[in-house]
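# Structural overview for review
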Amino acid sequence: MKVSGGISSNKEVMPMGVVIDFFTQSLASAEFLLSIMCIAFAAKIYFVSYLLPRGVRKSCIQAPWFLLLGVMIGAMVNDCTWIIKLVHRVFFSSCDYSAVITIIRIDWAFRVLQYQFFALFLESLTEKKLKLTFLHTIQLLISGSFVLYFLYFAFLDDTLIDMATQAQVQTLGVLSRLDLLGMRYALFYMCIILVIPSLFFAAQKMRSSSLPFLLRKQLRIFITYLLFPFLTIEFFQMSYFSFYSFRAYFYHTLGISTLALLVITHYCIKKVLALRFLNVTTSAPTTNTLSFIDEFKNTLEALSHATSTQELGHLTQTFFKEAFNISLRKATFYMRMSVTEKKQESALAESPTAIQTLIESYMSTHETCVCDFIAKQKIIVYDELVFSNFYDESTEKKSIIAFLESINAEIFLPVYTKQKMSAYIIIEQQNQGRLYSKMEFDQMLIFASYLGTSITLIRNKNVESLVLQEKELREELYLKHQEINQYKESLQSFLRSAKQNHVGVLFYKNRQFIFGNQAAKELIRINVNQEEGHPIARVLKKLALHIEAYKSPQSLITTDVAGNKIMITAAPNLEHQTTLITVHYPDITDIITQKISLLNDQSSWDYLLYLETTRAGKLIEHLIPSPGETLLNFKIDLLKAALSKKALVLEAPEDDQLSLVELIHHVSMRETLHILTLNGQEHRFETAIKLFGINPLFSLKTTPEPLLKKLQSSATLFIKNVQFLSLETQEYLAEYIRTGFYRPFKSDQRISSSVRIICSTSHNLNLGVQEETFSLALLNSLKKPALSMPSLMTLAEPEFNSLIDGFSLQAIKTETFKNLLELTEKEKNKLALNRPASFRELKTKVHQILMQKSKKHQISAEASFDPAYEVSDPDLVEAVRLGKHALRDQKIMGLLWHKFKSQNKIATFLGVNRSSVNRRCKKYNLL
């Protein structure tokens, strides 16, 4: 059989045969083999560049490094020889071939050395110091003879080949029958006499328990995944020298074997490097375990409530079982007695176990260097330590290994408090050895760190820490309760829409919409073809035109006539030249999928759901009616702040601060909002006395009740311009925010309060801390829950325009006039050129433009604009929309009286006479 460079032109061959023939000829092509050899050479260079610097940095250069380096150099020379040979064949076939033949003979000399190094490398892995035996001496002599044999033919044999045998030489890569004979015996010697004895010796060592577990696993990987496949391929290639019928398929075999060896070598290297190959690293590589975070949150919460060492022991066993699947009986927690406890030890105290006695005896008798080694390592793993000691032996390691064997421990994890070992965790040896990653070690150390904190709290009974911990738990519990309520409300909205889970179908063809079923008419509720200016009709039209232009499906969420969200999906029907449109109420996945890509934090998808479906979310949407990315993330932060009860600092323009505070206060379902405005620097601690009261010993007259006591627990206190507080008052406020207890001024008495604090400032608080005009403690208390509103000046133009559209749609209450009064692109550009600094200012400017347009078109303002447009307080929106009819609602009148405390203000707000308000107040017993 003769292999050619192209596809066979035999027309009688079946198509599958043509494909197979093309594939086999591609494998045999010199260009293909050249690319494969280049990849193999680059891979070996990368491996050498990775291992060599790490081997040089070791304190003692070991024999395996030199032997492995020799193996890699031999392999690289072999690849380089094939590259030269194939380059000559592809690009310089007409040139002299004698130089290539010389290189091939040199390569065979290196190949013998490569196998010799590999055989010694296998044995050196199982020995701390490789000793040359009689068998090694014989092997080295035979290998040297083969090396000299090939080098002789490479440099001292001047025999030239004639032109008739030139093609055969280029194909076979040999010069004479002596060359071919030498290569045949060399291959037999390398694969049988060199490798088999070393393999047998390594297999015997693998059965020995004295060999470290990690090393046994490395050898098993080398033999199973690398050596056996490699020898199989080499034996197959030996058929080239033994059976002449296989020579026609030599290039096929070479291409397949090189590819296979690349994959096998990569897999093997990846495996052994994960097992600290030749002690390159001190631990296995990190693997990410996402479930650990969720499990550790529960463990941390349980640790915070632990009150005894018995509970700590149970929590330790549970943690190691859930996080690392270690049997409960294998993990044991031992607490060491402190000096005070030893002095107070009584006869009733429990006697230590045998393991405790061994450990305490070792801890009190070992050398200082051993103690330093344990403190430096932080966690002692038996298998890792034995493996490290195999390559880098030391007295400390030997001592600790003997100690771990005496207590049958796989892991010894000390727990430190104040840089002293107060406890330790022991993981007993398991039947089957297990490897731990660096991530798992870090998880154990984190657990030990929190365990040390719990031990300190239990021993010292730290009341301050317990108070802070309890406050954090209360706030976390309140937030979870609020999230559950939001989730329930969100589910209820979907359940209501599920009762009407109909799918409407429309068709768009020849610029006309055709209703496909009754459900579509019930969901749309308008004549789309006649009422083209209606928002739904415009959305459908825009979507249909987009489908016709780009021939790709698209989905969006909008609102129907009643303000409910509906999902519209359109897809082209190329067969009938129509556009198919479906309309239905969206489910959870529809809402999340539409906007989750805009979130900075993907884990906040649940807040995105609340924002779209709950009453609190709709209030925020009403305040900031824009779906843009920047404002969407701010709205989610605003919702998080509203659902929490933590104190926060508000960074927003002054015009928007009150509306944001009112919304947060309303969503958090608090009753009283008290605003404390500071217009200048505090003098004589009047604000401190107003907030916290004062010690009666320092007051000559009766002082009013402090705000934190006067206000109910369901109240919000908004401190405007918090930077004007004195430093001492700031420290008092920071203490209250941190602990939930306030102290009267100049007093040590602690009084509990649940008033929520919201602060605002227009100053750089970090700069104030540097200038010592602002308290660092207060900054730390307010910094984490800070709420910063994005600037309208830097807002992207599409997002700014969508905000303008949202405000204009809010202002126009009559659907008929929305198309007529909406802002044009020119008007939007005019607003963008002179952007306002706050939402309120922008809202006012939009309203002014709409009023001017309504006068121009002679449209009544009362009939076209929403009276609640200028109202930001959610409690007052319904009242202003009812107008004079609000006088008939006792509940609304009670709310207005609670807000304004003035009949004149109520009359002005509702646009009615004061006498009408007075009659209703008397009727409802509000006066």
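Residues numbered from 1 in each chain as written. Predicted model: local features only at pLDDT ≥ 70, side-chain atom pairs only at ≥ 80, totals over all residues. Heavy atoms only, no water.

## Structural notes on the overall build of the protein
Note the threshold: Each helix corresponds to a stretch of at least 4 residues labelled H or I by DSSP, and each strand to a stretch of at least 2 residues labelled E; elements are numbered beginning at the N terminus. Relative accessibility thresholds used throughout: buried, under 20% of the residue-type maximum; exposed, over 50%; partly exposed, between the two (1.4 Å probe, protein chains only). We call two residues in contact whenever any of their non-hydrogen atoms come within 4.5 Å of each other.
When helices and strands are counted, the protein shows 39 helices and 16 strands. The buried share among the 927 residues of the protein stands at 46%. Sequence-distant contacts in the protein: of pairs separated by 6 or more residues, those separated by 24 or more amount to 69%.

## Topic: unusual backbone geometry
Residue K378 is not a glycine yet carries a positive backbone phi of 70 degrees. Its place among the elements puts K378 in the loop between α14 (368-377) and β2 (380-381).

## As for the pattern of salt bridges
Test applied: Salt bridge, as used here, is a side-chain nitrogen of Lys or Arg placed within 4 Å of a carboxyl oxygen of Asp or Glu.
Applying the stated criterion across every chain yields a total of 14 salt bridges. We note a salt bridge from K480 to E483, for which the minimum N-O separation is 3.9 Å. Residue K480 and its partner E483 are located together in helix α18 (residues 463-498), separated by 3 residues, close to a single helical turn. A relative accessible area of 41% means that K480 is categorised as partly exposed.

## Here's the deal with the side chain of S781
Which entries qualify depends on this criterion: Residues adjacent in sequence count toward polar contacts only when both atoms are side-chain atoms; beyond that, a polar contact is any pair of N or O atoms within 3.5 Å, and within protein one must be able to donate a hydrogen and the other to accept it.
Turning to its location among the elements, S781 is positioned in helix α30 (residues 776-783). Residue classification places S781 among the buried residues on the basis of a relative accessible area of 17%. From its side chain, S781 meets the backbone oxygen of A777 in a polar contact 2.9 Å long. Beyond its immediate sequence surroundings of up to four residues, S781 is in contact with A647, A734, I737 and R738.

## A closer look at the nonpolar core
The line we're drawing: Joining through side-chain atoms within 4.5 Å is the link that ties buried Ala, Val, Leu, Ile, Met, Phe, Trp, Tyr and Cys residues into a set, and such a set is a nonpolar core.
By size, the foremost hydrophobic cluster in this structure holds 48 residues, and its most contacted members are L638 and L842. For this core, the elements supplying multiple residues, two or more each, are α22 (605-613), α23 (615-623), α24 (629-643), β10 (648-651), α25 (654-667), α31 (797-811), α33 (825-833) and α34 (839-856). Those residues in contact with L842 that lie beyond four places of it in its chain are L792, F800, L803, I804, F807, L831 and P836. One finds L691, F745, L765 and L778 within the second-largest nonpolar core, a separate group that totals 32 residues.

## Focus on the sheet that holds strand β11 (residues 672-677)
Filter applied, for reference: When DSSP finds at least two bridges between two strands, those strands are taken to pair.
As summarised here, the arrangement of the 5 strands in space is β11-β12-β15-β10-β16, forming an open sheet in which the pairing is parallel. Looking at the sheet topology across the chains shown, the edges are occupied by β11 and β16 (787-788). As defined by bridge partners, β10 adjoins strand β15 (residues 756-760) across 3 bridges and the pair is classed as parallel. In the sheet register, L648 faces β15, and the bridge partner there is I758.

## What about the packing of aromatic side chains?
Condition: Pairs were defined over the aromatic rings of Phe, Tyr and Trp, the Trp ring being its six-membered one, requiring ring centres within 6.5 Å. Orientation was assigned from the angle between planes: stacked under 30 degrees, edge-to-face over 60, tilted for the rest.
Following the criterion strictly, the structure yields 19 aromatic pairs and no others. Ring geometry for F146 against Y189: centres 5.4 Å apart, planes inclined by 25 degrees, an arrangement best described as stacked. Within this pair, whereas F146 is found in helix α5 (residues 134-155), its partner Y189 is found in helix α7 (residues 177-206), the two being separated by 43 residues in sequence. Assessed through its relative accessible area of 2%, Y189 is described here as buried.

## Considering the sheet that holds β2
Our working definition: Here, axes are lines fitted to C-alpha atoms. For helices the fit covers the stretch in contact, and angles between N-to-C directions go from 0 to 180 degrees.
Pairing is antiparallel in the open sheet, where 4 strands are placed in the order β1-β4-β3-β2. Taken across any chain shown, the strands that pair with only one partner, and hence form the sheet edges, are β1 (331-335) and β2. Judged from the 8 bridges that link them, strand β3 (residues 409-417) and strand β4 (residues 420-428) form a sheet pairing that is antiparallel. In the sheet register, P414 faces β4, and the bridge partner there is Y424. Running at roughly 150 degrees to β1, helix α11 (residues 309-324) makes contact with β1, β3 and β4 of the sheet.

## Regarding helix α38 (residues 903-910)
Under the convention used in this document: Directions are taken from the helix axis to each C-beta atom, and the arc is the one they span.
Buried within α38 are the following residues: Q903, I906, A907 and L910. Taken down its axis, α38 places every buried residue within 100 degrees of arc, on the same side. Exposed side chains of α38 directed beyond 90 degrees from the buried face belong to K905 and T908. Near the N-terminus of α38, the side chain that reaches the backbone nitrogen of N904, with its oxygen 3.4 Å away, is that of S902. Of the residues one or two after α38, G911 is the one with positive phi, at around 70 degrees.

## What about the environment of K901?
Within the secondary structure, K901 sits in the loop between α37 (890-900) and α38. As for K901 and L926, which are separated by 25 residues in sequence, their C-alpha atoms are 9.7 Å apart.

## Some details on α33
Buried residues of α33: K828, L831 and A832, and no others. Buried residues along α33 cover an arc of 100 degrees about the axis, so they all sit on one side. Turned more than 90 degrees from where α33 packs its buried face, K826, K830 and L833 sit exposed. Along its buried surface, α33 packs onto α31 and α34.

## What about the confidence of the model for the protein?
To keep it simple, the criterion reads: Summary of the metric used: pLDDT quantifies the predictor's per-residue confidence within the range 0 to 100.
Residues of the protein with pLDDT of at least 70 account for 76%, and the chain-wide mean is 76. Counted against residues more than four places away or in other chains, residues 242-248, with its pLDDT under 50, gives 10 contacts. Every residue in residues 282-290 is under pLDDT 50, and counting partners more than four places away or in other chains gives 22 contacts.

## What to know about the pairing of β10
Relative to β16, β10 runs parallel, the two sharing 2 bridges. Within β16, the residue paired with L650 across the bridge is L787.

## Remarks on the state of the cysteines
Counted only if it meets this: In this description, a disulfide is simply a cysteine sulfur pair whose atoms lie within 2.5 Å.
Throughout the structure, instances matching the rule amount to 0 disulfides. Note on C371: no disulfide assigned, nearest cysteine sulfur contributed by C369 at a separation of 9.6 Å.

## Considerations on the side chain of H584
In this fold, H584 is placed in strand β9 (residues 578-584). Classification of H584 by relative accessible area gives buried; the value is 16%. Not counting residues within four places of it along the chain, the set of residues in contact with H584 comprises H502, V503, L523, I566, M567 and D590.

## Thoughts on the packing of α31 against α33
We count it as follows: Note on angle classes: values under 35 degrees are labelled roughly parallel, values over 145 roughly antiparallel, values of 65 to 115 roughly perpendicular, and the remainder oblique. Should the near helix be turned counterclockwise from the far one by less than a right angle, the crossing is left-handed, whereas a clockwise turn marks it as right-handed. For this scheme, ten residues count as nonpolar: Ala, Val, Leu, Ile, Met, Phe, Trp, Tyr, Cys and Pro. Four count as charged, namely Asp, Glu, Lys and Arg, and the remainder, Gly too, count as polar.
Two elements in contact, α31 and α33, have axes separated by 10 Å at closest approach and are oriented at 115 degrees. As judged from the angle between their axes, α31 and α33 are roughly perpendicular. Where α31 crosses over α33, the handedness of that crossing is right-handed. Touching E797, F800, N801, I804 and D805 of α31 are K828, N829, L831 and A832, all from α33. Its residues placed into classes, the contact of α31 with α33 shows 4 nonpolar, 2 polar and 3 charged.

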